[in-house]
Structure formats: C-alpha cells, structure tokens
Amino acid sequence: MPSKLNRRNALKNIIAGTAAIGVSSGISSFAMDQPKPSEKLKGNVNHAVCRWCFSTLDVETLCTEAKKIGIKGIDLVGPKDWPILKKHGLVSSMCNGAEINLVDGFNDKKFHETLIKNYSAMIPLVAEAGYKNLICFSGNRRGKDDETGWNNCVEGLKQLMPLAEKHGVVLVMELLNSKINHADYQCDKTAWGVELCKRLGSENFKLLYDIYHMQIDEGDVIHTIRDHHQYIAHYHTAGVPGRNEIDDTQELYYPAIMKAIVETGFKGFVAQEFIPKNTDKIASLKKAVEICDI
C-alpha cells in the first residue's frame, strides 16, 4: 500500500474517532464495454465506497456526492458518523470500531478479552442503528501455524456468536494479502477463511472478499467467487497493481468479475476501495461505479 495513504494509519484515525461513542493501440475492449456516464445505474449491484480512501473529504461531503452517484452505503464508518449517513439516506455498509487494529486479532488469545469486550458492546449498537455487517480481523500469525490460528479464532469468536445471532449482526473477517500490504496477516487466503467459517458453523460469521488483496495472494478470482460465494458477505474492489483506480491500465477485468458476483445471487454490498489519483476524486469514484455496474 502506498506510504502516503496507508490504510492501517487511516483506520487508526477512524477507530479513534468512533471510540467517542479501502492499453493497446486504439480503443481497448475494456474501455468499449464500460457504461457511458449518462446511463443510470442498473440496480443489480448495491454500490458502496470505503471511507478511508476519501479521508481528505469530510463525511458530509462524501455522503452528499456518493448519493448523487447512486451509491447506497459507506464502508468502515463507526457510530460517531452514523447520524450523518442516516441524514443522507445511506447505510453503514461495513461497520467498524470494535477491532483493536489489523494485526492484533482473534487468532491470538491474549487479545480475546479486549476483543470480546469491544464486540459485545458494538454488536447491539450496530443492530440498533439498523445495520448488519461488522468487520473483524484474524491478526498476524506471529509464528502460529494454521491450526493454532483457526483454534484461537474459533475460541474467541464462538463467545460472540450467540450475541451476533440474537441481534442479526454478521461478523465479517477481511481477507488481506500478506505478500505486499499486510505481511504476516493470517487470513490471507480464501481457503483459510472458508475453513474458519465451516468450523464456526454460523450464518453470522462470513468473509469480506477483497478482490484486490486476493488477486495479489492467490488470483483465480472468478472461480473462487463461484466456488465460495456462500461464505462471502461483502466485496471490496481496487485496481491491481497498486490499489489504483479501476481502468484499462490494470490486470483485472471488473465487468466480468461483477457479472460473476451477480450470478451467484449476491444481494450485499460491493465497496470501492481504491486510492484516487485524479484530483477530482468524486469523478474517479463515479467512473469506478459505472464500470462495476452490470
């Protein structure tokens, strides 16, 4: 992740705020397939955007502009900003604020006491606000093998599942790449996250499939989505390499990926989590939404 806009630092700032209460010559086929700016959104995808990527905009401005584009939710927003989202008719599509950080997670027992306390307090707040998804993280391996990581996660998360089930809240563990951006993160492969879902055996624990991260660590994105969609509650997008804007300069063809997601019957949110390079950040966001609207 680029040093000047580091998600880890951005999330720390957001969490701190919540404590108070992501071509060939001629015209390429990619470009030709994209919706024209004048077209209305088709309604097959629930579009969202990650707050941290647009941290230079205040929440009020981001909500105002996102609503104009047709975006329905803002990701990685905690209780402090929920009233602003509600004011604009938007939802907190992926709530945060209960996690410690990205590296200290459920795979280590020494963090369980704090995490269980945090999530036990946040789950009812999420439900009371009318929201559903609450992010969580495995944490870094720190020498733990897969089995130890799974066992520790199960031990901690099982203590929260009854509360999550009671309130209809889904704890969603994000898949992050350990190759470039998040060295040593344990839940860095879809198979690892799916196995954890199976061991927990609850519809109130699922995965956040970050397309950018999983393209880096494992590839085979469409096949993986088709095979494991039942364990996925949420998606993030970004261009590979570099978490760049979605266009014809990167290696993923998002119209095909989005088509595969829609074909699974997915009704959740797809959130843009790229770092805008255009000085007109909202124009970049609008373009990405249009490309992903199938």
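None of the values given here were measured: they were computed from a predicted structure.

Draft legend 1. Layout of the packing of helix α6 (residues 146-158) against helix α8 (residues 190-200). Contact geometry for α6 and α8: axes closest at 10 Å, N-to-C directions at 45°. The angle between the axes of α6 and α8 places the two elements in the oblique class. Crossing of α6 against α8: the hand is right-handed. For the pair α6 and α8, contact is made by D146, E147, G149, W150, N151, C153, V154, L157 and K158 and by W192, E195, L196, R199 and L200, respectively. Of the residues that constitute the contact of α6 with α8, the class distribution is 7 nonpolar, 2 polar and 5 charged.

Draft legend 2. Spatial organisation of the packing of aromatic side chains. Following the criterion strictly, the structure yields 6 aromatic pairs and no others. Between F106 and Y119, the aromatic rings sit 5.5 Å apart at their centres with planes inclined by 55°, giving tilted as the arrangement. Of this pair, F106 sits in the loop between β3 (91-95) and α5 (112-128) while Y119 sits in helix α5; the two residues are 13 residues apart in sequence, bridging distant segments of the chain. When its relative accessible area of 1% is taken as the criterion, F106 is described as buried. Considering the side-chain rings of Y209 and Y235, the 5.9 Å spacing of their centres and the 65° angle between planes classify their relative orientation as edge-to-face.

Draft legend 3. Summary view of the confidence of the model for the chain. With 87% of its residues at a pLDDT of 70 or more, the chain has an overall mean of 90. Taken as a whole, residues 1-5 scores under 50 in pLDDT and shows 12 contacts with residues more than four places along the chain or in a different chain. Confidence over residues 14-38 falls short of pLDDT 50; this stretch has 50 contacts with residues more than four positions distant or in other chains.

Draft legend 4. Local environment of the pattern of salt bridges. As enumerated under the stated definition, the model contains 16 salt bridges in all. A salt bridge links E60 to K87, with the shortest nitrogen-to-oxygen separation between them at 2.9 Å. Of this pair, E60 sits in helix α3 (residues 59-69) while K87 sits in helix α4 (residues 82-87), and the two are 27 residues apart along the sequence. Judged by relative accessible area, which is 61%, K87 ranks as exposed. Taking the shortest distance from any N to any O, the salt bridge between K144 and D108 comes out at 3.6 Å. Of this pair, K144 sits in the loop between β4 (133-136) and α6 while D108 is found in the loop between β3 and α5, placing the two residues 36 residues apart along the sequence.

Conventions we followed
- Residues numbered from 1 in each chain as written.
- Predicted model: local features only at pLDDT ≥ 70, side-chain atom pairs only at ≥ 80, totals over all residues.
- Heavy atoms only, no water.
- Axes fitted to C-alpha atoms, helices over the stretch in contact; angles between N-to-C directions.
- Helix = DSSP H or I, 4+ residues; strand = E, 2+ residues; numbered from the N terminus.
- Parallel < 35°, antiparallel > 145°, perpendicular 65-115°, else oblique.
- Left-handed = near helix turned anticlockwise from the far one by under 90°.
- Contact = heavy atoms within 4.5 Å.
- Nonpolar A, V, L, I, M, F, W, Y, C, P; charged D, E, K, R; others polar.
- Phe/Tyr/Trp six-rings, centres within 6.5 Å; stacked < 30°, edge-to-face > 60°.
- Buried < 20%, exposed > 50% of the residue type's maximum accessible area, 1.4 Å probe, protein only.
- pLDDT = per-residue confidence, 0-100.
- Salt bridge = Lys/Arg side-chain N within 4 Å of Asp/Glu carboxyl O.

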